Structures are given as structure tokens and as C-alpha cells.
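The primary structure of each chain is shown beneath.
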Amino acid sequence: DCSGVVECVGDDVTRFKTGDRVFSLRTVSGSYSTHTVCDVEYVNKLPDCLPFREGACLGTTYYTAYRALVLVGGAKPGQLVLVHGASGGVGTACLQLCRLMGMRGVGTAGTADGEKAVLASGAESVVNHRQGEYVVALRQLCEGNGGFDVIIENAGHANLDTDLDLVCNGGIVVVVGSKGMSAVEIVPRKLMGKECRVTGMLLWNATPDEFTQSHAAILAGVRG
């Protein structure tokens, strides 16, 4: 990911011109340099309200969050969303998007500082997943809803079977992170009884149209 000022554009590029402030979530030549080459598909204009160092943080994290939450997870205003591992980059972005778009975000974290970060990102509640009774606490938070409508899972290797206990009937678990190639066990009857879904999500599988939708949503969020 990177941000900066456009120095020149290709002959077929019409969205940008020399001097535009932009950010990109992917480069052709690498971003650890003073200049880089980017595919126009991954470039977006950087609003004047954001400095370049913040613009460089908008790429992979926020596009992953938007695709997982909205384009794959189908989250809608008013729905209850659990972000497992919410104090990291993608988790923070998910919670900010929830607040912006009218979803009710709940997050988990493993430290006191992480809990503070989760609440600062817009979560209505936070649970420490290192505490022994954290699953009970999460069940209490979603009890009136019958479970979480959407679960964004950053640690599928550790939480997937538990997610099936917490998701509501007809809900969805979107796995955006998992440690290594660890195998996990789940109880298939949990899927049957709730008719819920589990799906993986990888940003680089996004279509050009999905990137266009993500561009627009993220810019709208930045501009408030």
C-alpha cells in the first residue's frame, strides 16, 4: 500500500492526471521507494483532509473490511455484527464501517489496550477473548437477536466452531484470517440446524466492479 502524488499517467488513463493526490492498495514495482508504478484499477483519489501517511493505510485493510462485511457478508443497517480479533487493522476498519453504515458492531480483543481501541473504533461492546467466559459474554450480547447476523473472523483456526454457536439462523461467518495451514474441526449439525453459511474471503479475488464499489464507499466514509 502507498500514497503520493501522480507524476505521470498512461495513455489510456482518464481517471487521474499529473498532480493528483492518490493512494493505492497494490503496486507493480513495489512501494518501498520514492516512485512506484501502479495499475489504475487499484488506485483511488486521496481526499485533501487526509495526510499521505494515513492515506497509505486505507488500502488493503479497508478494502478487505468492506468486501468482507458488505460485498460478501451482505451486512445491512441494523444488523448485529461480531468482529473476532477487532483490534487489528481489518478489525478496526470493519467496526468503523459498521458505525458509518448503521450496523451494530461488537468486537473482541486480547488486551486492555486492545479493548480500548475496539471501543474507540465504534463498537457498542467489546469482550476480551482471553478471558475464560468470553463466549458466554458474547452469547449474552446477541441473545435478543438470536445470534450475530454476520461474523467477521480473523482467526478461523481458533474460533470457527465457536462462531457456529454464535451466528444466528441464516447468518454468515466470513473468514478473513487463519493461522498457517492448521486444520480445524466443526460440528456439521450446527450448520444444518441454523442453515447458516461459512465462507472464506480474499481481497485479491475481487472483481473490477467490486473494487469500484469499494472505492466509492471508502471515499464516502473518509469524507463523512
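Details of the structure are given in the entry above.
Throughout, a residue's number is its position along its own chain's written sequence, starting from 1. A pLDDT threshold of at least 70 governs which residues receive local features in this predicted model, and a stricter bar of 80 or more applies before side-chain atom pairs are shown or counted, although totals over entire chains, interfaces and linings include all residues. Neither water nor hydrogens contribute to the side-chain values; these are computed over all heavy atoms in the structure.

Draft legend 1. Region of the structure containing the nonpolar core. Side-chain atoms within 4.5 Å link the members of a nonpolar core, which is a set of buried Ala, Val, Leu, Ile, Met, Phe, Trp, Tyr and Cys residues. Relative accessibility thresholds used throughout: buried, under 20% of the residue-type maximum; exposed, over 50%; partly exposed, between the two (1.4 Å probe, protein chains only). With 39 residues, the main nonpolar core has L69, V81 and I152 as its most contacted residues. A run of H or I in DSSP becomes a helix once it reaches four residues, and a run of E becomes a strand once it reaches two; helices and strands are each numbered from the N terminus. Broken down by element, this core gets its largest block of residues, 7 residues, from helix α2 (residues 59–72). Note on definitions: a residue-residue contact is assigned when non-hydrogen atoms from the two residues lie within 4.5 Å. Not counting residues up to four positions away in its chain, the partners in contact with I152 are A68, L69, V81, L82, V83, H84, C94, V174 and V176. Ranked by size, the runner-up nonpolar core spans 17 residues in total, among them L80, L164, L166 and C196.

Draft legend 2. Region of the structure containing the sheet that holds strand β8 (residues 167–175). As summarised here, the arrangement of the 6 strands in space is β6-β5-β4-β7-β8-β9, forming an open sheet in which the pairing is parallel. The open sheet has two free edges, formed respectively by β6 (125–128) and β9 (197–200), since each of these has just one partner strand. Across the sheet, the mean angle from the axis of one strand to that of its neighbour is 20 degrees, orientation sign disregarded. The pairing of strand β5 (residues 104–109) with β6 spans 4 bridges and is parallel. Each bridged residue has a counterpart across the sheet, and for A109 the counterpart in β6 is N128. Throughout, an axis means a line fitted to C-alpha atoms (over the contacting stretch in the case of helices), and angles, computed between N-to-C directions, take values from 0 to 180 degrees. Here helix α3 (residues 89–101) sits on the sheet in contact with β4 (80–84), β5 and β7 (148–153), set at roughly 165 degrees to β4. Helix-sheet contacts for helix α4 (residues 112–120) involve β5 and β6, and the interaxial angle to β6 is about 160 degrees. Any two strands are treated as partners once DSSP identifies two or more bridges connecting them.

Draft legend 3. Just the sheet that holds strand β2 (residues 21–24), in detail. Taking strand neighbours across the sheet as the criterion, the 3 strands line up as β1-β2-β3 in an open arrangement whose pairing is antiparallel. Of all strands in the sheet, those with a lone pairing partner are β1 (2–5) and β3 (43–45), marking the two edges. Sheet twist, expressed as the mean angle between neighbouring strand axes with direction ignored, is 30 degrees.

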